[in-house]
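Chain by chain, the residues:
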Amino acid sequence: MEKDRDLAPVKSISRAAAVLRVLADLGTPGGTLGDIAKATGFGKGTAHRILAALNDEGFAYQNLTTRRYHLGAGIGLLARRASVNEIGSFAQPVLMRLAEETGDTAYIQVREGLRSVCIGRQQGTYPIKTLSLDVGQSRPLGVGSGGLAILASLAQSEITAVIEANARWLAEFPAFEGDKLVGLVRQTQSLGYAYVEGLVLPGINAIAVPVLGADGHPLASLSITAIAERIHGDRALWLAGLLREEARQLSAALARTLQHKNAQEAK
């Protein structure tokens, strides 16, 4: 009996590993609960419990629109890879350029279901640091400039669904709760970039733009965070232009990589 109890955690780990391997094999399209249950041989109830636990740890997530499951950025972080979509392999040079040119802290975030996850950060040389987000840290999608830039780039129906589904979590961030977030989304869409003034941390401003795929869907966001006087007025506009150009180049690099992969697979 004692031996069986000792083996139970090992069996759970084995099952979780099996689900992760299936998610890896499914690749970018991900899979439904039924797909994963069938591939692993587990019942749907068991597969769902494992996926829920992996989601809590950041190792898997469910796309709110398609209901399909994907590997999470937590797996990439463990492997010193920041993003399962290979954004991480392109991100660091981008963040280094932004930090060097601005002197401020640059971030890249990706969306995982109802949350945004920081997958990279680079500090600038300005003596007052604004480390508002750690690598691997997640927030409700829309909280902070990076998540807001991603959320505002989605279709309106999806924006509404995300805000409604995140209602309880957003209550932890009063400046982004309910109608306030709706207003920030509209402001972001009007400006063409996300501009957050002291809403996450007093005296700290942030600005962000989405990194769009060929289909116009947001793949990630690039952002700059600094003390308020460094992201204000004309300098904020300059930062927005700088971020847009880096986002454009990153989008192009990712598109070329995808085209190359598709060509290789077609051979």
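Here goes a summary of the coordinates provided.

1. A closer look at the pairing of strand 7 (residues 204-212)
A regular strand places its side chains on the two faces of the sheet in alternate fashion. Counted residue by residue, strand 7 has eight buried out of nine residues, so it is predominantly covered. Looking at chain direction, strand 6 (residues 194-197) and strand 7 are connected through four bridges and run antiparallel. In the strand pairing of strand 7, alanine 194 is matched with alanine 208. The antiparallel pairing of strand 6 with strand 7 creates a hairpin that spans six residues between the two strands, and glycine 198 there sits at a positive phi of about 65°. When strand 7 meets strand 8 (residues 218-227), the two strands line up antiparallel, connected through nine bridges. Within strand 8, the residue paired with valine 209 across the bridge is leucine 222.

2. Thoughts on the nonpolar core
Grouped together as the largest cluster of nonpolar side chains are 29 residues, with contacts concentrated most on Leu98, Ile108, Ile207, Leu222, Ile224 and Ile231. Of all the secondary-structure elements, those providing two or more residues to this core are helix 5 (88-102), strand 3 (105-112), strand 4 (115-122), strand 7, strand 8 and helix 10 (233-266). Looking at this core, the element that brings in the most residues is helix 10, giving eight residues. Leaving out residues up to four positions away in the same chain, isoleucine 108 has contacts with Ile87, Ala91, Leu95, Val117, Cys118, Ile119, Gly120, Ala220, Ser221, Leu222 and Leu250. Membership of the second largest hydrophobic core comes to 20 residues, among which are Leu64, Leu141, Ile150 and Leu181.

3. Observations regarding the packing of helix 2 (residues 33-40) against helix 3 (residues 44-56)
Closest axis-to-axis distance for the helix 2/helix 3 pair is 9 Å, and the angle between their directions is 110°. Compared by their axis directions, helix 2 and helix 3 come out roughly perpendicular. Residue-level inspection shows Leu33, Gly34, Ile36 and Ala37 of helix 2 in contact with helix 3, the latter providing Lys44, Ala47, His48 and Leu51. Class assignment of the residues belonging to the contact of helix 2 with helix 3 gives a composition of five nonpolar, two polar and one charged.

4. A word on helix 2
Listed as buried for helix 2 are Ile36, Ala37 and Thr40. For helix 2, the angular spread of the buried residues around the axis is 100°, confining them to a single face. Exposed and oriented more than 90 degrees from the buried face of helix 2 are Lys38 and Ala39.

5. Details of the pairing of strand 4
Of all eight residues making up strand 4, six are buried, and the element is well covered by its neighbours. As judged from the seven bridges shared by strand 3 and strand 4, these two strands associate in the antiparallel manner. In the strand pairing of strand 4, valine 110 is matched with valine 117. The turn joining strand 3 and strand 4, which pair antiparallel and follow one another in sequence, is formed by two residues; a positive phi near 60° is taken by glycine 113.

Conventions and cut-offs
- Residues numbered from 1 in each chain as written.
- Predicted model: local features only at pLDDT ≥ 70, side-chain atom pairs only at ≥ 80, totals over all residues.
- Heavy atoms only, no water.
- Buried < 20%, exposed > 50% of the residue type's maximum accessible area, 1.4 Å probe, protein only.
- Helix = DSSP H or I, 4+ residues; strand = E, 2+ residues; numbered from the N terminus.
- Pairing = 2+ DSSP bridges.
- Core = buried A, V, L, I, M, F, W, Y, C linked by side-chain atoms within 4.5 Å.
- Contact = heavy atoms within 4.5 Å.
- Axes fitted to C-alpha atoms, helices over the stretch in contact; angles between N-to-C directions.
- Parallel < 35°, antiparallel > 145°, perpendicular 65-115°, else oblique.
- Nonpolar A, V, L, I, M, F, W, Y, C, P; charged D, E, K, R; others polar.
- Arc of directions from axis to C-beta.

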